[in-house]
Amino acid sequence: MLKKALENVLTVEESDELISAFDQIGDIIILRIPDSLSSKKRLIGETLLNEVKTARSVFYQASAVEGDFRTRDLEILAGKDTTETEYKEFGCKFIVDVKNAFFSPRLSTERERIANLIQDGEIVTNMFAGIGMFSIMAAKKKKCTVYSLDINPVASKLCEKNIAINKLVGKVISRNGDASKIINEQLVNESDRTLMLLPERSDEFLESAINTTKNNGIIHYYSHIHADKKQDARKLSEEHYLQITPVKSEILNSKIVRAVGPRYYQTVVDVRISK
Ligand SMILES: C[S@@+](CC[C@H](N)C(=O)[O-])C[C@H]1O[C@@H](n2cnc3c(N)ncnc32)[C@H](O)[C@@H]1O
């Protein structure tokens with residue numbers, strides 16, 4: 001459909017390149033436009049807005065995901081200049097702000113995997129929870145309590161709204177601030193399961209993850225790993241975890257979550273810790 005929409009504006013090769021870098025989140029389209037097409041970006045935006053009937057805005061991603069809050073700069077190309085929208089995933093509703101708080105539709109399979117692993121009755125600490133995607137999906141699916149921590153005030157506010165619209169008040173608890181500080185002050189040895197989805201800085205926060213996790217609890221340790229061969233990425237991330245962890249750990253599983261660059265992967269290692 002998109003190729004058809006753009007056939008008068010781009011060559012076949014140009015539209016192939018563009019479509020692989022296209023996300024639609026609710027009624028917002030976000031494009032990563034290669035430099036070679038930069039002169040046509042407004043025309044592309046207007047064409048897409050006309051053709052995609054469910055879209056209200058088209059933005060161009062003007063920076064990588066960056067900074068402490070893991071946010072990106074967006075420039076309006078066509079339509080309404082608002083970055084808040086509603087997004088639905090596996091029966092949950094979310095208000096997202098695609099510019100001011102981290103959000104990725106590309107993690108939905110991982111969110112479902114984690115929700116399936118949680119057992120009824122668990123206490124979960126989601127250290128870098130953003131707007132609460134993992135937390136809310138887990139609490140919708142299982143009878144668990146989730147502490148949803150994030151340092152970005154916009155993300156924590158949206159998380160509170162999302163807790164309310166999904167009727168999970170008291171089951172998901174949003175706390176704004178640095179995860180290590182909140183854990184040290186309020187959540188030591190509280191959680192059966194800890195998620196640490198800030199892959200760039202997992203090593204720095206591993207001690208805090210261990211602090212909040214009970215003896216025999218589980219940590220989902222995310223990281224970014226270089227691997228010449230894709231099939232080596234899992235093993236390399238397990239080895240890396242075992243090298244840096246200060247506690248006895250049993251590896252339960254590991255997997256590639258997604259590719260994040262050439263020969264560069266986001267991985268997760270699930271471990272049971274003894275302390
Ligand atoms: C990669 S995002 C993950 C968000 C969420 N888990 C998701 O999948 O939508 C990482 C999040 O960590 C938050 N963050 C960064 N440093 C933090 C810290 N020291 N304590 C708590 N949250 C932090 C950022 O604001 C961002 O929302």
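Look a little higher up for the structure.
**Q** Any chance you could explain helix 6 (residues 153-165) here in plain terms?
**A** Residue pairs spaced three or four apart in an α-helix point in one direction, given the helix's 3.6 residues per turn. For helix 6, which comprises 13 residues, the first-to-last C-alpha distance of 19 Å matches the rise-based estimate of 18 Å (1.5 Å per residue) to within 8%. Residues of helix 6 that are buried include every one of A155, S156, L158, C159, N162 and I163, and no others. Seen end-on, helix 6 carries its buried residues on one side only, within an arc spanning 160°. Packing partners of the buried residues in helix 6 comprise strand 5 (84-89), strand 6 (92-97), helix 5 (133-141), strand 8 (145-150) and strand 9 (172-176). Among the residues of helix 6, the N-terminal cap falls to N152, whose side-chain oxygen and the backbone nitrogen of V154 are separated by 2.9 Å. Just downstream of helix 6, K167 is the residue with a positive phi angle, here 55°.

**Q** Would you take a moment to explain the sheet that holds strand 3 (residues 57-61) for this structure?
**A** Sheet strands line up and pair through hydrogen bonds in the backbone, either parallel or antiparallel. Pairing within the open sheet is mixed, and its four strands lie in the order 1-2-3-4. Of all strands in the sheet, those with a lone pairing partner are strand 1 (22-25) and strand 4 (74-79), marking the two edges. Taking each pair of neighbouring strands and ignoring which way they run, the sheet shows an average axis angle of 25°. Pairing between strand 3 and strand 4: five bridges, direction antiparallel. Paired with S57 across the two strands is G79, which belongs to strand 4.

**Q** Just to check I follow, could you spell out the pattern of salt bridges for this structure?
**A** Side chains carrying opposite charge are able to pair once their charged atoms draw close together. Inspection of the entire model under this criterion finds 18 salt bridges. The salt bridge involving D68 is made with R201; its shortest N-O contact spans 3.5 Å. Here the residue D68 occupies a position in the loop between strand 3 and strand 4, and R201 occupies one in the loop between strand 10 (191-196) and helix 8 (202-212), the gap between them amounting to 133 residues. A salt bridge links K255 to E110; its shortest N-O distance comes to 3.3 Å. Linking K255 in strand 12 (residues 248-261) with E110 in helix 4 (residues 108-117), this pair joins segments that are 145 residues apart in sequence. One continuous salt-bridge network, built from bridges that share partners, spans E110, R113, K255 and D270.

**Q** What is the right way to read the packing of aromatic side chains from this model?
**A** The way to describe two aromatic rings as a pair is by their centre distance and the angle between their planes. Under the counting rule described, the total for this entry stands at three aromatic pairs. Ring geometry for F128 versus F205: centroids 5.0 Å apart, planes at 75°, classification edge-to-face. Here F205 lies in helix 8 and F128 lies in the loop between strand 7 (123-126) and helix 5, a separation of 77 residues in the sequence.

**Q** How do you make sense of the layout of surface pockets when you look at a structure like this?
**A** The probe, sized like a water molecule, is rolled over the atoms to show the empty space still left. Its boundaries defined by the atoms lining it, the largest pocket holds a volume of some 1,100 Å³. Lining the largest pocket are 45 residues, and of these V65, R70, F102, E200 and R258 lie nearest its centre. Elements represented by at least two residues in the lining of the largest pocket include exactly strand 1, helix 5, strand 12 and strand 13 (264-274). Looking at side-chain class alone, the lining of the largest pocket contains 25 nonpolar, eight polar and twelve charged residues. Residue contributions to the lining of the largest pocket reach at least three from each of two domains, namely domain 1 (2-82) and domain 2 (104-274).

**Q** Is there a simple way to explain the site of the ligand in this structure?
**A** Residues in close proximity to the ligand total 22 residues, the closest being D68, F128, D150, D178 and A179. At 2.8 Å from a nitrogen atom of the ligand is found a main-chain nitrogen or oxygen belonging to F128. With respect to the ligand, the side chain of D178 contributes an N or O atom lying 2.7 Å from a nitrogen atom. In isolation the ligand has 600 Å² of accessible area, and contact with the protein removes 98% of it.

Rules behind the numbers
Residues numbered from 1 in each chain as written. Predicted model: local features only at pLDDT ≥ 70, side-chain atom pairs only at ≥ 80, totals over all residues. Heavy atoms only, no water. Helix = DSSP H or I, 4+ residues; strand = E, 2+ residues; numbered from the N terminus. Expected span 1.5 Å × (residues − 1). Buried < 20%, exposed > 50% of the residue type's maximum accessible area, 1.4 Å probe, protein only. Arc of directions from axis to C-beta. Contact = heavy atoms within 4.5 Å. Polar contact = N/O pair within 3.5 Å; in protein donor to acceptor, adjacent residues only side chain to side chain. Pairing = 2+ DSSP bridges. Axes fitted to C-alpha atoms, helices over the stretch in contact; angles between N-to-C directions. Salt bridge = Lys/Arg side-chain N within 4 Å of Asp/Glu carboxyl O. Phe/Tyr/Trp six-rings, centres within 6.5 Å; stacked < 30°, edge-to-face > 60°. 1 Å grid on protein atoms, 1.4 Å probe; cavity = no way out; pocket = protein on both sides within 12 Å on 5 of 7 lines; lining within 4 Å. Points joined across faces, edges and corners; volume = space filled by probe spheres on them. Nonpolar A, V, L, I, M, F, W, Y, C, P; charged D, E, K, R; others polar. Domains from an automatic or database assignment. Near = heavy atom within 4 Å. Areas by Shrake-Rupley, 256 points an atom, 1.4 Å probe, with all protein chains shown as cover.

By themselves, these are just geometric observations and shouldn't be taken as functional.
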